[in-house]
Amino acid sequence: MASRVVVALRVKASPLRAFEAFTAEIGQWWKPNSLFAFTPRAPGVLSFDGHERLIETREGGKVFEVGRVSVWEPGVRLVLGWRQATFTPDMATEVEVTFEAVGEEETRVTVSHSGWDSVPTDHLAKHGFPETVFLARHGEWWRALLGAMREYLG
Amino acid sequence: MASHPALASAVVYKDPKAALKFLEAAFGFELTLLIEDADGNLAHSQMSYGDSIVMIGNEWTEEHRSPTSIGGLMTQTVHIQVPDGQGSVDDHCARARRAGAVIIAEPETQFYGDRTYRCKDPEGHIWTVSQTVEVMTPAEWDAKDMGLKTTVHKG
């Protein structure tokens, strides 16, 4: 999958703990961004439904499936699909998260979000941004998200 | 890690993806942001080292050129100050050499108290590296008879 943004940072936790925070506790640190909303409705709460899929649950209980999990390796690697409600069936992006020990109780978390070339530049999800500008903005959001996770992990 | 320090260099490469690998292997820089276009070409990237970042890019205009495209010339170099507690300059140099850097000035302790070396990366960019091994005052290094008169302006 091409058209990719990669963001990485270090968190003070073991790879297993970082993986757990990214998955089981995603709702604790995730911050929605109005530019990259999953649905046109008010954003809900993110969670993983077992090891199967990432979902957003809106107030009132309606569930939107962000993507199916294809790789679930605790403390090592997580791969999942990622789509917005406005995507057509031929549009698909993928998120790969890797967890790499870089010291005592320190982990390098890397998010690689690819496949944005499957979403046309004039699609509303791109907000009229040229591809690399869109990816830069999306990367800033991922950086803010990973920063929030780092803060959450303390 | 500062994600947006007030100053950062953008270094130009013909093959920026190879540069990312080299800079990690040689200097311990860490990739923090990478943007690739639909063809998988690098559009933008950032690496971190200590509390600083450096941007690694391609020859994106006629005026942005790697030394390897212009006969080995350059108009600026980037300096690395090895933080205390992150190993010695000699270790840093050995690691860079193993990764393929060409050492153009071997590690040597300078009269002002820093141990330094210089190397070229695979596209010919010169990197200077140093670490303070003896804290000295300007008066002390001026007294080393190097013909220097140092004036420190307090900002």
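Rules used in this analysis
Residues numbered from 1 in each chain as written. Chains lettered and ligands numbered in written order. Predicted model: local features only at pLDDT ≥ 70, side-chain atom pairs only at ≥ 80, totals over all residues. Helix = DSSP H or I, 4+ residues; strand = E, 2+ residues; numbered from the N terminus. Buried ≥ 20, exposed ≤ 12 C-beta atoms within 10 Å, placed from the backbone. Contact = placed C-beta atoms within 7 Å. Nonpolar A, V, L, I, M, F, W, Y, C, P; charged D, E, K, R; others polar. Pairing = 2+ DSSP bridges. Axes fitted to C-alpha atoms, helices over the stretch in contact; angles between N-to-C directions.

Draft legend 1. Examining the environment of Pro122(B) more closely. Residue and element names in this part refer to chain B. Residue placement: Pro122 occurs in the loop between strand S7 (114-120) and strand S8 (126-132). Taking the C-beta count within 10 Å as the criterion, Pro122 has 19 such neighbours and is therefore assigned partly exposed. C-alpha of Pro122 to C-alpha of Ala101: the two residues are 21 residues apart in sequence and 6.6 Å apart in space. Discounting residues that sit within four places of it in the chain, Pro122 has contacts with Ala18, Phe22 and Gly100.

Draft legend 2. A look at the interface of chain A and chain B. Taken residue by residue, the interface counts 15 residues in chain A and 15 residues in chain B. When contributions to the side of chain A that touches chain B are tallied by element, the ones reaching two or more residues are strand S1 (4-11) and helix H3 (131-153) of chain A. Looking at the side of chain A that touches chain B residue by residue, the class counts come to eight nonpolar, three polar and four charged. The pairing of S1(A) with strand S2 (residues 30-36) of chain B spans four bridges and is classified as antiparallel. Considered in S2(B), the bridge of Val5(A) is made with Ile35(B).

Draft legend 3. The arrangement of the sheet that holds strand S1 (residues 9-12) of chain B in detail. Strand order in the open sheet made by the 11 strands is S2(A)-S3(A)-S4(A)-S5(A)-S6(A)-S7(A)-S1(A)-S2(B)-S3(B)-S4(B)-S1(B), with mixed pairing throughout. Each edge of the sheet is formed by a strand with only one pairing partner; in this case those strands are strand S2 (45-49) of chain A together with S1 of chain B. Across the sheet, the axes of successive neighbouring strands diverge by a mean angle of 20°, strand direction being ignored. For S2(B) and strand S3 (residues 42-49) of chain B, the ladder comprises six bridges, and the chain directions are antiparallel. Paired with Leu34(B) across the strands is Ser45(B), a residue of S3(B). Strands S1 and strand S7 (106-114) of chain A together with S2 and S3 of chain B of the sheet are contacted by H3(A), whose axis makes an angle of about 20° with S1(A). In the packing of helix H1 (residues 16-27) of chain B onto the sheet, contacts are made with S2, S3 and strand S4 (52-57) of chain B, and the angle to S3(B) comes to roughly 10°.

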